[in-house]
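Residues per chain are reported as follows:
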Amino acid sequence: MFTPISADFFEAPTLELSRSLLGQILVHELPEGIVAGRIVETEAYMGAEDRAAHSFGNRRTKRTEVMFGKPGLVYTYQMHTHTLINVVSGPVDTPRAILIRAVEPVEGIDLMAELRGKHMPIKQWTSGPGKLTKAMGITMDYYGHHFTERPLYIAEGDPVHAVAAGPRVGIGNSQEAVHYPYRFWESDNPFVSKFR
């Protein structure tokens, strides 16, 4: 039903790729079945020159190492108890990445309900970067995986026509980077985490 997108999709400049990811399908083939969500919100992190990026100043650590690799690699990291998932972008040795902030469930609804808790409204399952990884069974194990390879991959979806942009969320200590309009979302989609 879903086919991984080709590797050249990820070759675009980071801000362009961040917009192009909207409407594509994030797919995870679990032993219990397939879960998939249409990407509706992303945030770009521009590497060495971006104070909000983990790789600001070309910071190279065990955590950020994958960001120096080829575009399309998976960068997972943990924040509190949540796993967050990013798409590595930009040329090799240019440590940029795009956070997938929200998806709209399209496949495996029953399985997502089990993973997130059936008591919770569907709009809350995937409307945030830590929520969507729980709903889709995505763990830190995918660090360094490539988004063209099963069982976790991005498949081609439908283009998004109404895109909004604004400042990123939760980066209050990053000086001027707080104001960069590097968050992109599908206008009026109820699964977007924040609308301002």
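Anything mentioned here points back to the structure above.
If you're wondering where the values come from, they're calculated on a predicted model, not measured in any experiment.

Rules and cut-offs
- Residue numbers restart at each chain and count upward from 1, following the sequence in its written direction.
- It should be noted that, the model being predicted, local features are given only for residues of pLDDT at least 70 and side-chain atom pairs only at 80 or more, the latter also being counted only at that level, while totals for whole chains, interfaces and linings use all residues.
- With hydrogens and water set aside, each side-chain value is computed from the structure's full complement of heavy atoms.
- Strands are runs of DSSP state E lasting at least two residues, helices are runs of H or I lasting at least four, and both sets are numbered from the N terminus onward.
- Buried means the residue's accessible area, taken with a 1.4 Å probe over protein chains only, is under 20% of the maximum for its type, while exposed means over 50%, and partly exposed covers the values in between.
- Here, nonpolar core means buried Ala, Val, Leu, Ile, Met, Phe, Trp, Tyr and Cys residues that are tied together by side-chain atoms lying within 4.5 Å of each other.
- Salt bridges are defined as contacts in which a side-chain nitrogen from Lys or Arg sits within 4 Å of a carboxyl oxygen from Asp or Glu.

(A) Spatial organisation of unusual backbone geometry. Cis geometry marks the peptide bond from arginine 150 to proline 151; its omega dihedral reads 10 degrees. Among the structural elements, proline 151 can be located in the loop between α3 (129-135) and β6 (152-155). Positioned with a positive phi, asparagine 58 is a non-glycine residue whose angle comes to about 60 degrees. If you check the backbone angles, aspartate 188 has positive phi at about 70 degrees while not being a glycine. Position of aspartate 188 relative to the elements: it lies in the segment after β8 (183-186). Judged by relative accessible area, aspartate 188 falls into the exposed class, the value being 70%.

(B) The arrangement of the nonpolar core in detail. Counting residues in hydrophobic clusters, the biggest one holds 35 residues, and the most contacted among them are Leu26, Val87, Ile100, Phe147 and Ile154. Sorting the residues of this core by element identifies β1 (25-30), β2 (33-45), β4 (82-89), β5 (96-107), α2 (109-116), α3 and β6 as the ones contributing at least two each. If you look at the next biggest cluster of nonpolar residues, it comprises 14 residues, including Tyr75, Leu84, Ile171 and Ala177.

(C) Looking closely at the pattern of salt bridges. According to the stated counting rule, one finds eleven salt bridges in the structure shown. Glutamate 29 is the salt-bridge partner of arginine 150, the closest N and O atoms lying 3.0 Å from each other. Here glutamate 29 lies in strand β1 and arginine 150 lies in the loop between α3 and β6, a separation of 121 residues in the sequence. Take arginine 150: its relative accessible area is 46%, and that puts it in the partly exposed class. Using a relative accessible area of 23% as the deciding quantity, one classes glutamate 29 as partly exposed. Its salt-bridge partner being glutamate 49, residue arginine 96 comes within 2.8 Å of it at the nearest N-O pair. In this pair, arginine 96 sits in strand β5 while glutamate 49 sits in the loop between β2 and β3 (74-79), placing the two residues 47 residues apart along the sequence.

Note that all results are geometric; they support no functional claim without further evidence.
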